[in-house]
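# Structure at a glance
Single-letter residue listing:
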Amino acid sequence: MTQPPPNTALPPALAVAGGWGHIGGGFARAALGAGVRVFVHDPAPRPGDGTLADAEEVRDAAAFYALPVPFYHLALQPEHRDAALSLLAARPAVPGGPLVLVEKPLAPPFDRAGARRARQTAAGLPGTVLFDFIELYRPLTRVVFDYLSSFRRCRIHEIALTRTKDREDPAVPRNHIVTLPVQYQETVHCAAWALACLEHVRAGLPNDGRVEAWGRSLPYTPPNPGRYPEPVDGFFEGGAALGETRVTFLTDFRRGTPRSQYRRVAGEGDGQPFVLEAEYLPGAAWMKINGESVPLPGEDSPPLEALREAWRRHTGRTGPGLPEPPLPGPAFAHRTWILSYLLWNAAHGKPATGSLLDP
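Residues numbered from 1 in each chain as written. Predicted model: local features only at pLDDT ≥ 70, side-chain atom pairs only at ≥ 80, totals over all residues. Heavy atoms only, no water.

### Some details on the overall build of the protein chain
Assigned secondary structure in the protein chain consists of 9 helices and 15 strands. Scaling as 2.2 N^0.38, a compact globule of 359 residues should have a C-alpha radius of gyration of about 21 Å, and the protein chain matches this with 20 Å. For the C-alpha atoms alone, the extent of the protein chain along its principal axes is close to 55 × 50 × 40 Å. Residue burial in the protein chain is summarised as follows: out of 359 residues, 56% are buried. In the protein chain, once contacts between residues fewer than 6 apart in sequence are set aside, the share between residues at least 24 apart is 70%. As presented, the protein chain carries roughly 15200 Å² of accessible surface, and 54% of it is formed by carbon and sulfur atoms. Charged side chains of the protein chain number 37 positive and 37 negative; the gap between the two group centres comes to 2 Å. (Helix = DSSP H or I, 4+ residues; strand = E, 2+ residues; numbered from the N terminus. Rg over C-alpha atoms; globule rule 2.2 N^0.38 Å. Buried < 20%, exposed > 50% of the residue type's maximum accessible area, 1.4 Å probe, protein only. Contact = heavy atoms within 4.5 Å. Areas by Shrake-Rupley, 256 points an atom, 1.4 Å probe, with all protein chains shown as cover. Lys, Arg positive; Asp, Glu negative; His and termini not counted. Charge placed at Lys NZ, Arg CZ, Asp CG, Glu CD.)

This is the structure in C-alpha cells:
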C-alpha cells in the first residue's frame, strides 16, 4: 500500500466497484487526480481514453472486496449491489473498518421489501456506510446548514427544488445509459436535500413521519428506447407535505430542457421571515439570502468533494463548532426511497400517503 498522499483530507486508497462506468469513473478520476491510489472492479472493458490508465484493475470479486483499503465506492445499480454488500459484510469486524459510499437509490423502484433488506444489510456492514446524495457533501450545502443553524429556533414553511437537464439529446453519450424513473434517478437527490435540511434543524417534520404526496409525471424519449421494456418517467411535477413544511419538486429530462439545480427555502428564523435561494449547478453556483448574494466557498468537482467530506465524517475530523449535518446513512437512504416511492405512486394514481418511519 502506498503512503498517504500529501492531501491527508483524502484516503490513501480507494476501491471503486463499477469504476469504468459514468459515475464510478468520475470518482476514480477525481481520486487519481488528487494522488489517491485507485483499484477498480468492473466486468466492462477499461475505457480507452487514458484518464484511468493508473487505476489498478482487480478482476476477481472476492479479491476486490477483501482489499485492505480504507474506502470503497459502490457505483452499482441497486440490482447489482447484493453480492457486493454480502462480500463486504463477510469482512472481519475490526476497529476502524472501511468507509463504504453507496450510490442511490437504496433499492430498485417499487421494491419495498428489497429496500428494507438493503437498509438492514448496509447498516450491518463493518465500518461506516454512507449514500452518495452528492449535493449533501458539497461546501455549498455546509453554507446552507450553517445559516439554518444560526437561529435559536428555525421553522421551514416551504422548500422548492428544480432539477432539470436534457436526457433526450442523442449526441450526449451519458444519455445512452439506461435510467430509472425520474423520481428515483433525479428527484431523490432533491428529496435527500430537503429531508437533510429539515432533520438538521429539526424543523417541521412530524413525530410520526407522516408524508402525503401529490404530483403528475410524463415519460421521456431516450435516444435508445429499445433498451427500455416500457416507457419510463422523465418528467415529474409535484410535492409532499411533511408536517408544517410543503416540499415541491420539478424534475425534467425532456429535450431542450436547460440544466438547473435550483433550491428555495422559505421560513422563519427567531420569528423573522427569510428566503434562501441557491443554484447548485457546478460551475454556475450562487446563493442569495433575502435577495442578497452570499459569498460561496471554493469547490472542487462534486466527486472529489464527496470523497473529501465522506472521509472527514468517517475519520471524525471536526469542523467549525456548529452541529453536523445528518449522516446520509442506510436509515436516511431508506427515508429518501420511501419518499421517491410515494411520489411515483402519486403520479400514477396509487396510494401516496405513508410514513418515513416505515419499519
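### Quick look at the sheet that holds strand E14 (residues 292-293)
Hydrogen bonds between backbone atoms are what pair the strands of a sheet, whose relative direction is either parallel or antiparallel. Read from one edge to the other, the open sheet built from 9 strands follows the order E14-E13-E12-E11-E7-E10-E9-E8-E15, with strand pairing classed as mixed. Looking at which strands have only one partner, the edges of the open sheet turn out to be E14 and strand E15 (353-355). Sheet topology places strand E13 (residues 286-289) next to E14; 2 bridges connect them, and they run antiparallel. Looking at the pairing, Lys288 lines up with Ser293 of E14. In this fold helix H7 (residues 187-201) packs onto strand E7 (154-164), strand E9 (233-242), strand E10 (245-252) and strand E11 (260-269), with an angle of close to 165 degrees to the strand it touches most, E7. Sitting on the sheet, helix H9 (residues 330-347) touches strand E8 (210-219), E9, E10 and E15, and the angle it makes with E8 is about 55 degrees. (Pairing = 2+ DSSP bridges. Axes fitted to C-alpha atoms, helices over the stretch in contact; angles between N-to-C directions.)

### Some thoughts on the packing of helix H5 (residues 139-149) against H7
Look at H5 against H7: their axes get within 10 Å of each other, and the N-to-C directions meet at 35 degrees. Viewed along their axes, H5 and H7 form a crossing whose handedness is right-handed. Here Thr141, Val144, Phe145, Leu148 and Ser149 of H5 lie close against H7, whose contacting residues are Trp193, Ala196, Cys197, His200 and Val201. A class-by-class count of the residues in the contact of H5 with H7 yields 7 nonpolar, 3 polar and no charged. (Left-handed = near helix turned anticlockwise from the far one by under 90°. Nonpolar A, V, L, I, M, F, W, Y, C, P; charged D, E, K, R; others polar.)

### Quick look at the pattern of salt bridges
Tallied over the entire structure, the rule returns 21 salt bridges. For the salt bridge of Arg216 with Glu237, the shortest nitrogen-to-oxygen distance reads 3.1 Å. In this pair, Arg216 is assigned in strand E8 and Glu237 in strand E9, connecting sequence segments 21 residues apart. Of the residues examined, Glu237 reaches a relative accessible area of 35% and is grouped as partly exposed. (Salt bridge = Lys/Arg side-chain N within 4 Å of Asp/Glu carboxyl O.)

### What to know about the confidence of the model for the protein chain
This prediction gives the protein chain a mean pLDDT of 91; 95% of its residues lie at or above 70. Below pLDDT 50 for its whole length, residues 1-6 participates in 13 contacts with residues either more than four positions away or in separate chains. (pLDDT = per-residue confidence, 0-100.)

### Observations regarding the packing of H7 against H9
Each pair of packed helices gets described by two things: the angle between the helix axes and the distance between those axes. The N-to-C vectors of H7 and H9 enclose an angle of 125 degrees; their axes lie 9 Å apart at closest approach. Compared by their axis directions, H7 and H9 come out oblique. Regarding H7 and H9, the two cross each other, and that crossing is right-handed. Across from Thr187, Val188, Ala191, Ala192, Leu195, Ala196 and Glu199 in H7, the residues of H9 making contact are Phe332, Arg335, Thr336, Leu339, Ser340 and Leu343. In the contact of H7 with H9, the residues fall into 8 nonpolar, 3 polar and 2 charged. (Parallel < 35°, antiparallel > 145°, perpendicular 65-115°, else oblique.)

### Side note on the sheet that holds strand E4 (residues 71-74)
Overall, parallel pairing links the 6 strands, which are arranged E3-E2-E1-E4-E5-E6 in an open sheet. Both outer strands of the open sheet, strand E3 (56-57) and strand E6 (128-131), are each paired with one neighbouring strand and no more. With 4 bridges joining them, E4 and strand E5 (residues 99-102) adopt parallel strand pairing. When the bridges of E5 are listed, His73 appears paired with Leu101. Packing against the sheet, helix H3 (residues 81-89) makes contact with E4 and E5, and its axis sits at approximately 165 degrees to E4.

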